[in-house]
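These are the residues of each chain, in order.
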Amino acid sequence: MRRLKPFFTFGLLMAVFMLSGCSDMIVLDPKGPVGAEQRDLIMYSIWFMLFILIVVYALTAFIVYKYRDRKNHKGYDPDNEGSHLLETIWWIIPIIIVIALAIPTVKSIYSLEGPPEESKDQKPLVIHATSVNWKWVFSYPEQDIETVNYLHIPEDRPVLFKLTSADSMASFWVPQLGGQKYAMAGMETELYLQADEQGTYEGRNSNFTGEGFTNHTFDVMAMSDAEFEKWASETKADAPELSKGQYDKLMLPGHVKEMTFSSTHLDWVDHATNAEYALDARERLGYEEKIPHSRAAKEEKKKREEEMKKLEESESESESHGDSHAH
Amino acid sequence: MAHAETHDPNTPLEYRSETGRLNILGFWIFLGAEIALFATLFATYMVLEHRIADGPSPGELFEVKSLLIQTFLLLTSSFTCGLAVHEMRRQNVKGLITWMAITLGLGLGFLYFEIEEFLHFIHEGANIGTSAAWSGFFVLVGTHGAHVTFGIFWVTMVLIQVAKRGLTPATSAKVFITSLYWHFLDVVWIFIFTAVYLMGMVMHNG
Amino acid sequence: MKWDEFFVTGDPMIYGADVSIVLTMVGILFYLTKYKKWKWLWDEWLTTVDHKKLGIMYIVSAVLMLFRGGVDALLMRTQLAVPEAKFLDSQHYNEIFTTHGTIMIIFMAMPFLIGLINVVVPLQIGARDVAYPYLNAVSFWTFFIGAMLFNISFVIGGSPSAGWTSYMPLASNELSPGPGQNYYLLGLQIAGIGTLLTGINFLVTILKMRAPGMTLFRMPMFTWSSLVTMVIIIFAFPILTVALALMTFDRLFGSHFFTLQGAGMDMLWANLFWLWGHPEVYIVILPAFGMFSEIISTFSRKTLFGYKAMIWSMLLIAGYSFLVWVHHFFTMGSGALVNSVFSITTMAIGIPTGVKIFNWLFTMYRGKIQFTTPMLWSLGFIVNFVIGGVTGVMLAMAAADYQYHNTYFLVSHFHYVLIAGTVFACFAGLIYWYPKMFGYKLNERIGKWVFWVFTIGFNVCFFPQYFLGLDGMPRRVYTYSEESGWGPLNMVSTIGGFMMGIAFLILVYNMYYSFRYAKRETTGDAWDGRTLEWSTPTAMPPFYNFAKIPEVTGLDHFWRQKQAGKVEKLKAEDIKPIHMPSNSGVPFIMASFFFVAGFGMVFDWMWMAIAGMIGVFATLIYRSFEYNDGYYVSVEEVIETEKISK
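Residues numbered from 1 in each chain as written. Chains lettered and ligands numbered in written order. Predicted model: local features only at pLDDT ≥ 70, side-chain atom pairs only at ≥ 80, totals over all residues. Heavy atoms only, no water.

1. So, the overall build of chain A
Next, step 1: For chain A, the helix and strand inventory stands at 8 helices and 11 strands.
Next, step 2: In chain A, which comprises 327 residues, the share counted as buried stands at 54%.
Next, step 3: Summed over its atoms, the accessible surface of chain A is roughly 14400 Å², and 56% of this surface lies on carbon and sulfur atoms. (Helix = DSSP H or I, 4+ residues; strand = E, 2+ residues; numbered from the N terminus. Buried < 20%, exposed > 50% of the residue type's maximum accessible area, 1.4 Å probe, protein only. Areas by Shrake-Rupley, 256 points an atom, 1.4 Å probe, with all protein chains shown as cover.)

Below, the structure written as structure tokens:
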């Protein structure tokens, strides 16, 4: 027992740590029904797992302590080959645990495919989210506006995200609102999320997409319905229109600041049906990815960053934009 | 590595040495891996078959005549390959070499028509880079064709050894293994014939 | 191609690596020449077909790769120790985690296990060698050359940087141009040939070369686990071969399997990769299970509990391993039905694994447990692996996985399975069979230090990562902001990582120390073992393993003989001439040609690739025409080797 003491002390410390730290961890601190359903499932499973760990550790401690090789060793039975009863028990118990876990899992899988139960009768807000290395482009087809790297959504109303990508396979994730889903070129995936509280939540691409992956992030601002409507109509009225030329520059790999436009790229391209658009745009701009480490790559990168800066400037030129962008 | 030789006259020659027995078993297992390999290629083709981008669909370009000639040549070669092994069992070196040579000839004929067909497709504007569907087609059918090509070289090498050394437990095991390989390629072709060509043509025309 | 593209330039760490590589090479060449070791190297090692020597070479290579992969890991941990660190830039970090993953799985875990299988399995089944000794050498050399090809990437041409999973279209020419990704494709392809051949070789060996009396259900558990592993290899590796080939076609020959253009399908790559990748996980865990079974039984001085249940659970796991691959991308949007089915199959795989845990525990029940270092690693395995197991079940619950996916929760989970499972087993097995390979044990006192430092470091490193994951830290980010609040736990994790690094150094020191000072074994039975590998009279078995092939009457035959006091003494009249295979330099040469071909493909120099492949075929033809039936070891030589008094 003495030998295993560090293990148990450590395990105990960790368990305490885990339970006390729950509310601090963002996945376990959801701000919407989707995330809440997942949090409940996670917590439900954690209790089972702790039970399994306790049984295994207690059994290990007992056996290792009792049957360690020592003087006056008792109960040695070298030819004990097994026991049908015991083995049946530990075939059946895991099966029961798996069933107990499978039922709520399958239920949740099905329920997460649609809008949250509590707001089934509301018409969801549709937003197209397009990933392009390493930015997020959000189109609001009903409002006919487009944002880059930030989102405004109304609270207490389901949002249907239609996800796609202009190049690499990305994953759209707002941990405090709910789990992620892949965004892939040439196809569309759907994800329902909803915020129950006003506030700003961090969102990001969580699937590795190369050099700029780490900063492939965006902010989600949940606000009241009225505020959202106000923001949308002001944006429509004041923000500049998105030109094809500007959009082509967005297709270059790189980072840009948050941007706002009063029209959407869906007018001329939907990446869910056109996987080649970004590559064509890069070709039009004379851009070609270079071998990393090479001098050419460094030059190319500099050129790209300049293009990005120019793009940001062209968007900022519209003066009234500053107000509508405030968050 | 045991080296026991069996001298029971009822045992086929290729099974008489321990090495021969082990090699034949190992080759059967290797064919299991080959099945996994071709299964993956078939699955890939099935998934990509309809992703033709702006190019033609495979079913559109397939031609019955070339297909039937290729199929006939390869199926016949499998039959003559069987006859060759039959001759080997009768200790008839000359018969073995003759039938195997015919097998090779038929294999070469198959390759000729396959390459001609590929060139035809390329001429019609369908190459490996045309679309996912054609990538799948060329790599699946091409892998089979590469196997046949490899087989032709391999059988030739083994025949040279038989001609030099006569039929021994060692050479006969090699002949037997190449024959397994050859029959396997025939089976794969039957799947290509059905799953790629027939289904492709039916889907295009029907 | 320009020089600044061929050589990786601009990074002082890379220049340091260049210098140390050149110095090491010069040092080795100097040593070999000065002490006239060239002939010894060629005769004893480069041309050997002896499964024990090949096994040792596998293990030595794997330990070197563990060092390389470990350095990668520590570089990453250093970069992540504090927020906004500037130690590595993004591209460099991406290359390092890509090579870390690839090397640890393909060039460390697998060869380590295959090395131990090579050394042990023929001895455990009472055979003199494997079914195809020549092919065994081909396997080793293709693996080794594949590993070398992959490893030179960081000084020549640049390392791959699309992750060990190499998801398309990120790994395509358009987004990751240059040789980096080609190194991944060709290195794995060449090494994969070796793995497939090993699979066939050992399957036939285990099926056909067992000593008389050793029925399938009398085989030691490690042999059983190897058998099952080989079956998985045979059906899984061709999938990898095809997947790699298709991506190679995409990158070099303009096809459109997974590309953005030409209606390619990136999801197909993910599916093919994991159709191989998940079975691969079991390829590296089942032999580990086998080793723990042997070690726990030996040091509990007790028969394995539930022998048949252990076998059936392994077979079940092997079958399931092909039916769960979708759980690697529940977030791809395959629909509720698909996700539900794969959720359930994945959770179900936990059932046989759980059964095995209880069987190990009850092997110790009513035993006489000795805390030797191999046993400590085995106990450490049970305690830590369970954490990896239960978090695996949590990840299997698709609806919850949407939150764990791509986070440190996942990273921590698979390190808990792969380190506590595979790496602990590699250490345990290495220490356990060390006297079989080298004739002396590793020092137990130092060994216990290694165990405690490593195990504690491991937990300190990876346990916090579960919480980082739940706090939303994604994997593969090269840095994070101060505000994220991930700093403290990352610092803890880094400290744990360095503890593991220190433990590795102590392990290497232990090898040196024991080489100098350990007491040499005088019998073949260093641990009072149960299975046939311990029955050889000398500590290290002679090259023919057994002067007389043993006859087996039951499970744990050797142990039972010892209990009954009936261990047979070898008699001179029992000895007959022994047939053995000849050494051959062809496998080494063939693998060298593979290197040439692979290097040519990496740089898209087709002339070089074709020349290399011609070389490969030339060696194949040479081998086909070579009729070398091996040779016989005379009775006198055997008597001499075995030191039998007449």
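Text resumes after the structure shown.
2. Quick word on the packing of aromatic side chains
Residues and elements named next belong to chain C.
Next, step 1: One pass over the full model with this rule turns up 117 aromatic pairs over all chains.
Next, step 2: Between W141 and F588 the ring centres are 4.8 Å apart and the planes differ by 75°, which places this aromatic pair in the edge-to-face class. Of this pair, W141 sits in helix α6 (residues 133–151) while F588 sits in helix α18 (residues 586–602); the two residues are 447 residues apart in sequence, bridging distant segments of the chain.
Next, step 3: Judged by its relative accessible area of 24%, F588 falls in the partly exposed class. (Phe/Tyr/Trp six-rings, centres within 6.5 Å; stacked < 30°, edge-to-face > 60°.)

3. A look at the pairing of strand β9 (residues 199–205) of chain A
Residues and elements named next belong to chain A.
Next, step 1: For strand β6 (residues 170–174) and β9, the ladder comprises 2 bridges, and the chain directions are antiparallel. From the neighbouring strand, W173 faces β9, where its bridge partner is R204.
Next, step 2: Two elements, β9 and strand β10 (residues 217–223), share 6 bridges in a ladder whose sense is antiparallel. Each bridged residue has a counterpart across the sheet, and for Y201 the counterpart in β10 is V220. (Pairing = 2+ DSSP bridges.)

4. Structural notes on the pairing of strand β3 (residues 145–148) of chain A
All names here are of chain A.
Next, step 1: Covered by surrounding structure in β3 are I145 and T147 together with E146 and V148, the residues of both alternating faces.
Next, step 2: With 4 bridges joining them, strand β2 (residues 135–140) and β3 adopt antiparallel strand pairing. Following the sheet pairing, Y140 is matched in β3 by I145.
Next, step 3: The antiparallel pairing of β2 with β3 creates a hairpin that spans 4 residues between the two strands, and D144 there sits at a positive phi of about 55°.
Next, step 4: For β3 and strand β11 (residues 259–261), the ladder comprises 3 bridges, and the chain directions are antiparallel.

5. A word on a nonpolar patch on the surface
Next, step 1: On the surface, L207, L216, F217, W312 and L315 of chain C cluster together to form a nonpolar patch covering roughly 430 Å² of accessible area.
Next, step 2: Mapped onto the elements of the fold, L207 of chain C is located in helix α7 (residues 179–208). (Patch = residues over 30% accessible without salt bridge, like charges linked within 9 Å, V, L, I, M, F, W, Y side chains within 5 Å. Salt bridge = Lys/Arg side-chain N within 4 Å of Asp/Glu carboxyl O.)

6. Some thoughts on the interface of chain C and chain A
Next, step 1: Listed as interface residues are 110 residues of chain C and, on the opposing side, 96 residues of chain A.
Next, step 2: In this assembly, chain C packs against chain A so that about 9100 Å² is buried in total across both faces, 72% of it on carbon and sulfur atoms.
Next, step 3: By the criterion of area lost to chain A, the three top residues of chain C are L260, R366 and Q403 of chain C, representing 8% of everything that side buries.
Next, step 4: Put simply, chain C and chain A have 2 salt bridges between them.
Next, step 5: The partner of R560 of chain C in a salt bridge is D79 of chain A, with the nearest N and O atoms 3.6 Å apart.
Next, step 6: Viewed at the interface, chain A and chain C are joined by 26 residue pairs in polar contact (both at pLDDT 80 or more).
Next, step 7: Each residue belonging to the side of chain C that touches chain A can be placed in one class, and the counts come to 61 nonpolar, 36 polar and 13 charged. (Contact = heavy atoms within 4.5 Å. Buried area = accessible area lost by both parts, 1.4 Å probe. Polar contact = N/O pair within 3.5 Å; in protein donor to acceptor, adjacent residues only side chain to side chain. Nonpolar A, V, L, I, M, F, W, Y, C, P; charged D, E, K, R; others polar.)

7. Looking at unusual backbone geometry
Next, step 1: Residue W134 of chain A is bonded to the preceding N133 of chain A through a cis peptide linkage, with omega at 0°.
Next, step 2: Tracing the chain through its elements places W134 of chain A in the loop between β1 (125–132) and β2.
Next, step 3: Residue P169 of chain C is reached from M168 of chain C by a cis peptide bond, and omega for that bond is 0°.
Next, step 4: Along the chain, the position of P169 of chain C falls in the loop between α6 and α7.
Next, step 5: Even without a glycine there, the phi angle at N406 of chain C is positive, about 60°.
Next, step 6: Within the secondary structure, N406 of chain C is located in the loop between α13 (398–404) and α14 (408–438).
Next, step 7: Look at N406 of chain C and you get buried, because its relative accessible area is 4%.
Next, step 8: The phi dihedral of D528 of chain C falls on the positive side, at around 55°, and the residue is not glycine.
Next, step 9: In this structure, D528 of chain C sits in the loop between α16 (487–517) and α17 (557–563).
Next, step 10: Taking relative accessible area as the criterion, D528 of chain C reaches 32% and is therefore assigned partly exposed.

8. Thoughts on the confidence of the model for chain B
Next, step 1: Mean pLDDT over chain B: 92, with 95% of residues reaching 70 or higher.
Next, step 2: This complex was scored by the predictor with a pTM of 0.95 and an ipTM of 0.95. (pLDDT = per-residue confidence, 0-100.)

9. Points about helix α4 (residues 93–123) of chain B
Next, step 1: A rise of 1.5 Å per residue sets the reference length of α4 of chain B, with its 31 residues, at 45 Å; its end C-alpha atoms lie 44 Å apart and thus fit the reference within 8%.
Next, step 2: Of the residues trailing α4 of chain B, G125 of chain B is marked for its positive phi of about 90°. (Expected span 1.5 Å × (residues − 1).)

10. Some thoughts on the arrangement of the chains
Next, step 1: Of all 2 pairs of chains sharing an interface, the pair with the highest contact count is chains A and C.
Next, step 2: Regarding chain A and chain B, the two do not touch, and the least distance separating their C-alpha atoms is 10 Å.

11. So, the nonpolar core
Next, step 1: Judged by nonpolar contacts, the single largest core of 349 residues is most densely connected at F172 of chain A together with F137 of chain B.
Next, step 2: Counting 19 residues, the second largest nonpolar core, distinct from the first, contains V132, L250, M251 and M259 of chain A. (Core = buried A, V, L, I, M, F, W, Y, C linked by side-chain atoms within 4.5 Å.)

12. Here we look at the sheet that holds β10 of chain A
Pairing between sheet strands relies on hydrogen bonds along the backbone, with the strands arranged either parallel or antiparallel.
Residues and elements named next belong to chain A.
Next, step 1: One open sheet accounts for 5 strands, arranged β4-β10-β9-β6-β7; its pairing is mixed. Looking at the sheet topology across the chains shown, the edges are occupied by β4 (150–154) and β7 (178–183). Direction aside, neighbouring strands of the sheet carry axes that sit 20° apart on average.
Next, step 2: Here β4 pairs with β10 via 5 bridges, running parallel. Looking at β10, one finds that L151 is bridged to V220.
Next, step 3: The strands that helix α4 (residues 225–238) touches are β4 and β10; relative to β4, the one it contacts most, it runs at about 135°. (Axes fitted to C-alpha atoms, helices over the stretch in contact; angles between N-to-C directions.)

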